[in-house]
Amino acid sequence: MNGTEVLRIVDAIHRDKSIDKEVVFDGIEQSIVSAARKFFGEEAEVEVHIDRDSGEPSVAIDGDSLDANEIGELLGRIAAQTAKQVMIQKIREAERDSLHDEYSALKSQIVTGTVTRMDGGTGTVNLGKVEGILPRGEQIPGEAHRVGERVRAVVMEVRKAGSRVRIILSRTHPDLVRRLFELEIPEVAEHVIEVRSIAREAGYRSKVAVSCYDNKVDAVGACVGVRGSRIKTIVDELAGERIDIVRWNDSLQVLVPNALQPAEVEDVILCPMLGKVIVLVREDQLSLAIGKKGQNVRLASKLVGWDINMMTQERLDEQIDLSVETFSNVPHMTDELAEDLIAQGFFTLEDLSIIEPDQLSELGGLNAEQIEEMVAFADEESDRIYEVEQREREAQRLRRKMGLDEPSQPAAEEESKETTADDAESESSEPSAEGEESAEPAEETAESSESVAEEAAETEEAGAEQADAEEPAAVAEEPAEEETAAEPAAEEATVAEEATTDSGAEDEEPKPVEEPAASEAAEGNGAVANEEESAEKTTAPAAEE
């Protein structure tokens, strides 16, 4: 076994695989030990040492030394093959550990690779020595990668998987925005401008808070660049994602209004015990401050690290009055303690149930038993209120699912009937363009069934008297149902004649009614039509009133 050849092989593996030489020497020693035990037996005591400077090996079997030149001949071909397999395995493990250490140091750093395969939305990216995985959930929404495309991503996770290293990449992590700022903006890379906080919803919007140690440098302007040249490059890399750059300030009274831009803030109230901020805005600025689907206030809350409650001054006053009334029912609650709790942002019993006993004791000077009783009462009441609200929401959901506005079907039908009657009366009370005569049919549709029956009875009696005077026999045999059916036709003829007269048309004679049954009924029952006309004129003023 040539020592010079051993040194040459160790050096080549060290340079090609980036494996430490000591690891390679240990692998060779263990491979020789494994081969010797396979030849001499597992009970044999084998000691192998390779000189790190000369590369010459020394082998001892049960205390007896072997000549280095006789090792290969003594072990044979099978033992040499075993040594080769052990050495290959050791080298692979060492290479895996080296890659794991290398990319573990690159966590949260940006890497560039080429997409080699897309499988079910998950991309495989070639990073050079190893391949990375870009899952579908870590890709920007709406983004589609193609094979051969170069992508930038940050290393999110590195773990060992057998003999390989599994690297998970991400394009949705906020650190991607930070690294792109460092690449595209020299002031950020030189730490003249510092990125203090980032809040991101990948593919939609990001907020970046920056500060500068040099007062002569405008932090926001330097990040935007001339005509937006610098920020435009970052936006293009993020598939058109909108980026808001705000100025950082250590005071929340200044930082919160900056984070909520472009909305205008009237006042900021801090609640340190609950870790939240109450922001007061005008009514016309409320929707702008909240943003689409709450996006603006959600990102601002992530940026400053505090919960943000948006409300108007009127809503705050109502909430304070409601909180005072609610806290008055809590045992051992004094007016001063209630005011102090409200001043700290405790508005509901749920807020009171999570308060620390030390804080409550400091505010109200209560003992442990009183505090425990107050917290237990607040906890029970908050759970009860939550259950009531849940039942109400569930009932509303079921009513919407069934298409009902009210819980019971009969009540809904009665309400719809009343609404229809009211609508009909309101329509009949409004004057139309054709005059009072054209409004009369609307009045008739609004009458109840009882009044219609009374008019039908009176009409039948009047028609019977007139018919007795002209044709007693024929009219006596005529059923009441035919007279009732003829009434609408007579009414239509009367309304048509009156509308023609009021319109002032050039034709002297009105147009004849197309239905012969209606004209015959109008001629035969003249008294009935006149009597109905007088009744309608009498009813019209009352309906208008």
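So, how was this worked out
Residues numbered from 1 in each chain as written. Predicted model: local features only at pLDDT ≥ 70, side-chain atom pairs only at ≥ 80, totals over all residues. Heavy atoms only, no water. Salt bridge = Lys/Arg side-chain N within 4 Å of Asp/Glu carboxyl O. Helix = DSSP H or I, 4+ residues; strand = E, 2+ residues; numbered from the N terminus. Buried < 20%, exposed > 50% of the residue type's maximum accessible area, 1.4 Å probe, protein only. Polar contact = N/O pair within 3.5 Å; in protein donor to acceptor, adjacent residues only side chain to side chain. Contact = heavy atoms within 4.5 Å. Axes fitted to C-alpha atoms, helices over the stretch in contact; angles between N-to-C directions. Parallel < 35°, antiparallel > 145°, perpendicular 65-115°, else oblique. Left-handed = near helix turned anticlockwise from the far one by under 90°. Patch = residues over 30% accessible without salt bridge, like charges linked within 9 Å, V, L, I, M, F, W, Y side chains within 5 Å. Areas by Shrake-Rupley, 256 points an atom, 1.4 Å probe, with all protein chains shown as cover. Lys, Arg positive; Asp, Glu negative; His and termini not counted. Charge placed at Lys NZ, Arg CZ, Asp CG, Glu CD. Disulfide = S-S within 2.5 Å. Expected span 1.5 Å × (residues − 1). Pairing = 2+ DSSP bridges. Arc of directions from axis to C-beta.

Enquirer: Explain the pattern of salt bridges to me, using residue names and the numbers behind them.
Expert: Throughout the structure, instances matching the rule amount to 27 salt bridges. When the shortest N-O distance is used, the salt bridge between Glu 143 and Arg 171 registers 2.8 Å. One end of the pair, Glu 143, is in the loop between strand E6 (131-134) and strand E7 (150-161); the other, Arg 171, is in the loop between strand E8 (164-170) and helix H4 (174-184), with 28 residues separating them in the sequence. A salt bridge links Glu 237 to Arg 171, with the shortest nitrogen-to-oxygen separation between them at 3.3 Å. In this pair, Glu 237 is assigned in helix H7 (residues 229-237) and Arg 171 in the loop between E8 and H4, connecting sequence segments 66 residues apart. Glu 237 sits in the partly exposed class, given a relative accessible area of 24%.

Enquirer: Please set out the side chain of Gln 139 residue by residue, giving values where relevant.
Expert: With respect to the helices and strands, Gln 139 occurs in the loop between E6 and E7. At a separation of 3.2 Å, a polar atom in the side chain of Gln 139 contacts the main-chain carbonyl oxygen of Leu 134. Reaching out from Gln 139, the side chain makes a polar contact with the side chain of Arg 136 at a distance of 3.1 Å. Excluding anything up to four places from it in sequence, Gln 139 contacts Met 118, Gly 121, Thr 122, Gly 123, Leu 134, His 145 and Thr 172.

Enquirer: Which residues make up the packing of helix H12 (residues 335-343) against helix H14 (residues 357-364), and what values go with them?
Expert: Where H12 meets H14, the axes come as close as 9 Å, and the angle between the chain directions of the two elements is 125 degrees. Classified by the interaxial angle, the pair formed by H12 and H14 is oblique. Handedness of the H12/H14 crossing: right-handed. Residues Leu 337, Asp 340 and Leu 341 of H12 form the contact with H14, whose own contacting residues are Leu 360, Leu 363 and Gly 364.

Enquirer: Residue-level account of a negative patch on the surface, with values.
Expert: Among the surface-exposed residues, Glu 266, Asp 267, Glu 283, Glu 314, Asp 317, Glu 318, Asp 321 and Glu 325 lie close enough to one another that they form a single negatively charged patch. For the negative patch, the element with the highest residue contribution is helix H11 (residues 313-327), accounting for five residues.

Enquirer: Let's hear about the state of the cysteines: which residues, and what values?
Expert: Inspection of the entire model under this criterion finds zero disulfides. Considering cysteine sulfurs only, Cys 223 is the nearest to Cys 212, which forms no disulfide, with 9.1 Å between them. The class of Cys 223 is buried, set by a relative accessible area of 0%.

Enquirer: Break down helix H15 (residues 368-402) for me, with residues and values.
Expert: If you check H15, its first and last C-alpha atoms are 51 Å apart, about what 35 residues at 1.5 Å a residue would give, namely 51 Å. What H15 keeps buried is the set Ile 371, Met 374, Ala 378 and Ser 382. Turning to H15, the residues buried within the fold contact H12, helix H13 (349-353) and H14. The residue sitting at the N-terminus of H15 and contributing the capping side-chain oxygen is Asn 367; that oxygen lies 3.3 Å from the backbone nitrogen of Glu 369. Downstream of H15 by one or two residues, Gly 403 has phi in the positive range, about 80 degrees.

Enquirer: Any chance you could break down the sheet that holds strand E11 (residues 242-247) for me, citing the residues and the numbers?
Expert: The strand order across the open sheet formed by three strands is E9-E10-E11, and the pairing between neighbours is mixed. Both outer strands of the open sheet, strand E9 (193-201) and E11, are each paired with one neighbouring strand and no more. Shown here is a sheet whose adjacent strand axes are inclined to one another by a mean of 20 degrees, direction ignored. Where helix H10 (residues 295-304) meets the sheet, it contacts E9, strand E10 (205-212) and E11, and its direction lies at approximately 135 degrees from that of E9.

Enquirer: Report on the side chain of Gln 295, specifying residues and quantitative values.
Expert: Summarising the element assignment, Gln 295 is placed in helix H10. A distance of 3.3 Å separates a polar atom in the side chain of Gln 295 from a polar atom in the side chain of Glu 201. Apart from residues lying up to four places away in sequence, Gln 295 is in contact with Glu 201, Tyr 204, Arg 205 and Ile 290.

Enquirer: Describe the pairing of E8, and please don't skip the residues or the numbers.
Expert: In terms of burial, E8 is largely enclosed, as five of its seven residues are buried. Two strands pair when backbone bridges link them, and E6 and E8 are joined in this way by two bridges, in the parallel orientation. Following the sheet pairing, Gly 132 is matched in E8 by Ile 167. Where E7 and E8 come together, seven bridges link them in antiparallel fashion. By the bridge assignment for E8, Ala 161 is matched with Arg 164. Taking the residues that link successive antiparallel strands as the turn, the E7-E8 hairpin has two residues, and the phi of Gly 162 there is positive, at about 70 degrees.

Enquirer: Describe helix H1 (residues 3-17), with residues and values.
Expert: For H1, built from 15 residues, the straight-helix expectation of 21 Å at 1.5 Å per residue is met to within 8% by its first-to-last C-alpha distance of 21 Å. Looking only at H1, the buried set comprises Gly 3, Val 6, Val 10 and Ile 13. Buried residues of H1, seen end-on, are gathered within an arc of 90 degrees and therefore sit on one face of the element. Facing away from the buried side of H1 by more than 90 degrees, the exposed set consists of Thr 4, Arg 8, Arg 15 and Asp 16. Downstream of H1 by a residue or two, Ser 18 has a phi angle that is positive, lying close to 55 degrees.

Enquirer: How would you summarise unusual backbone geometry if you had to cite specific residues and measurements?
Expert: The residue after Gln 261, namely Pro 262, is reached through a cis peptide bond having omega 10 degrees. Looking at the secondary structure, you find Pro 262 in the loop between helix H8 (252-259) and strand E12 (267-271). In this structure, Ser 108 takes a positive phi of about 70 degrees despite not being glycine. By the element assignment, Ser 108 lies in the loop between helix H3 (71-104) and strand E4 (110-119). You will see that His 332, though not glycine, has its phi angle at about 65 degrees, which is positive.

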